[in-house]
Amino acid sequence: MSDQLQKFMFGAAPVRGEIVSLRNTWQQVLARRDYPTPVRVVLGEMMAACALLSANLKFDGTLIMQIYGDGPVKMLVVQCHSDLSLRATAKFSGEVASTITDDMSMVELINASGHGRCVITLDPRDKKPGQQPYQGIVPLSGEDGPLTTMSQVIEHYMHHSEQLDTRMWLAANSERAVGMLLQKLPGDGGIVPHPGELDADTWERVCTLGSTLSQKELLTEEPATLFRRLFWQENVHHFEPANTRFECTCSREKVGGMLKMLGREEVDSVIEERGHVEIHCDFCNQRYEFDPVDVAQLFVAGALSGGVAPAAEQRH
Ligand SMILES: [Zn+2]
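Before going into details, it helps to say that this report is about the structure given with it.

### Considerations on the packing of helix α2 (residues 37–55) against helix α5 (residues 150–161)
Alright, step 1. As a packed pair, α2 and α5 sit with axes 9 Å apart at the nearest point and diverge in direction by 35°. Here the hand of the crossing between α2 and α5 comes out right-handed. Mapping the contact onto sequence places Val 42, Glu 45, Met 46, Ala 49 and Leu 53 in α2 and Met 150, Ile 154 and Met 158 in α5.
Alright, step 2. When its residues are assigned to classes, the contact of α2 with α5 shows seven nonpolar, no polar and one charged.

### Quick look at the coordination of the zinc ion
Alright, step 1. Looking at the metal site, the zinc ion is ligated by Cys 248 (SG), Cys 250 (SG), Cys 281 (SG) and Cys 284 (SG), spaced 2.2 to 2.3 Å from it.
Alright, step 2. Around the zinc ion sit four donor atoms; with metal-centred angles ranging over 103 to 115°, the donor geometry is tetrahedral.
Alright, step 3. Judged by relative accessible area, Cys 250 falls into the partly exposed class, the value being 21%.
Alright, step 4. The exposure class of Cys 284 is buried, given its relative accessible area of 13%.

### Description of the environment of Val 77
Alright, step 1. Here Val 77 shows up in strand β4 (residues 73–81).
Alright, step 2. Taking the C-alpha atoms as reference points, Val 77 and Ile 64, 13 residues apart in sequence, are found 7.1 Å from one another.
Alright, step 3. Apart from the residues within four sequence positions on either side, Val 77 is in contact with Leu 43, Met 46, Ile 64, Met 65, Gln 66, Arg 87, Ala 88, Thr 89 and Phe 283.

### Structural notes on the pairing of strand β16 (residues 287–290)
Alright, step 1. Burial along β16 is one-sided: Tyr 288 and Phe 290 are buried, and none of Arg 287 and Glu 289, which face the opposite way, are.
Alright, step 2. For strand β15 (residues 277–280) and β16, the ladder comprises four bridges, and the chain directions are antiparallel. The residue bridging Val 277 from the neighbouring strand is Phe 290, located in β16.
Alright, step 3. Between β15 and β16, which follow one another and run antiparallel, lie six residues, and Asn 285 among them has a positive phi close to 70°.

### With respect to the side chain of Thr 62
Alright, step 1. Secondary-structure assignment places Thr 62 in strand β3 (residues 61–68).
Alright, step 2. By relative accessible area, which is 12% here, Thr 62 ends up buried.
Alright, step 3. Not counting chain neighbours up to four residues away, the residues in contact with Thr 62 comprise Gln 79, Cys 80, His 81, Thr 121, Leu 122 and Asp 123.

### Section: the packing of aromatic side chains
A ring pair, where both rings are aromatic, is described by two values, the distance of the centres and the angle of the planes.
Alright, step 1. Summed over all chains, the structure comprises five aromatic pairs.
Alright, step 2. Note on Phe 8 and Phe 10: the rings are 5.7 Å apart at their centroids and 90° apart in plane angle, and the pair reads as edge-to-face. Accessibility assignment for this pair places Phe 8 and Phe 10 in one class, buried.
Alright, step 3. Ring centres of Phe 10 and Phe 231 lie 5.3 Å apart, and the angle between their planes is 85°; this geometry places the pair in the edge-to-face category. Note that Phe 10 is positioned in strand β1 (residues 4–10) and Phe 231 in helix α8 (residues 223–231), a separation of 221 residues in sequence. Here Phe 10 matches Phe 231 in class, with each residue buried.
Alright, step 4. Three or more aromatic residues link up through ring pairs in this structure, and these residues are Phe 8, Phe 10, Phe 227 and Phe 231.

### Things to note about the state of the cysteines
Alright, step 1. Here the structure, examined in full by the defined rule, presents zero disulfides.
Alright, step 2. Not part of a disulfide, Cys 118 finds its nearest cysteine sulfur in Cys 50, a span of 9.8 Å.
Alright, step 3. Since its relative accessible area comes to 0%, Cys 118 is described here as buried.

### Overview of the sheet that holds β3
Alright, step 1. If you trace the six strands from one edge of the open sheet to the other, you get β7-β6-β3-β4-β5-β14, paired in mixed fashion. If you trace the sheet from one side to the other, it starts and ends with β7 (134–139) and β14 (245–246), each paired once.
Alright, step 2. As judged from the seven bridges shared by β4 and strand β5 (residues 85–92), these two strands associate in the antiparallel manner. What sits directly across from Cys 80, in β5, is Leu 86.
Alright, step 3. Contacts from α2 reach β3, β4, β5 and β6 (117–124), with the element oriented near 30° to β4.
Alright, step 4. On the sheet, α5 packs against β3, β6 and β7 and is oriented at approximately 120° with respect to β7.

What counts, and at which threshold
Residues numbered from 1 in each chain as written. Predicted model: local features only at pLDDT ≥ 70, side-chain atom pairs only at ≥ 80, totals over all residues. Heavy atoms only, no water. Axes fitted to C-alpha atoms, helices over the stretch in contact; angles between N-to-C directions. Helix = DSSP H or I, 4+ residues; strand = E, 2+ residues; numbered from the N terminus. Left-handed = near helix turned anticlockwise from the far one by under 90°. Contact = heavy atoms within 4.5 Å. Nonpolar A, V, L, I, M, F, W, Y, C, P; charged D, E, K, R; others polar. Donors = N, O, S within 2.8 Å, 3.2 Å for Na, K, Ca; no water. Tetrahedral: all angles 85-135°; square planar, octahedral: opposite > 155°, others 65-115°. Buried < 20%, exposed > 50% of the residue type's maximum accessible area, 1.4 Å probe, protein only. Pairing = 2+ DSSP bridges. Phe/Tyr/Trp six-rings, centres within 6.5 Å; stacked < 30°, edge-to-face > 60°. Disulfide = S-S within 2.5 Å.

Below, the structure is given as structure tokens:
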């Protein structure tokens, strides 16, 4: 039952929903890096939210959710591919241990001076030349001041950036990251209920039902149990559940590409100082080492392929 995402659609109104429960996927993130407790909660909730938003889109590519924080957490990043493979990481400003305490709120972590923001990017798999990824940005504060939970941030984003009424319930601890989404589709949402079946109150009613969910219930019950408990009286169509998994897309080749972008001079200065270049992937903690020979090959190969690339392209 773990690591599943279940979509559903209410029968008598243009309202759809999803429930996701991440167990192994989330454990893979936590096994690779140690995060302070309050960061773990925010990052886990983001991961559940990212899976929900990604599965909600008809889109082939990667959904990237970033929080730029102005507190002790500088950045939180979660990426989800269309196949529901996910990865996540956090970056801190300064020494983590001394600044982040267990009782810190989300606002203290990422929006301490009110300058935090949330950026969501849709990066299509097959980009046309010159095509920019779609990107939406919202501040981490609303009309009534700072947003205090990750679900409020996502609801704020969906309202301002997508003009869609969306409600989200999220929870995370050291074992699971869980979330539920409800969304009101514009117009009739493409559904055609039988005459007399359209129920205008569905949206309000299912949101009220959703609001009875406690964090404890989210974290202890299986999604199917939660669903039955909330919506047993509703006419609902279930879709085939999908599985999520952890996957990092880093590779030696990509790290090499990054070193090439830094430039020979910069890389050589590191070699001179330390004898080799060592890079750790922020997402999976994989270590990549380049010794002087590797670096020399990297830049020679770069120069050669750079020289032949235009001719190769012309042949196609
Ligand atoms: Zn990696």
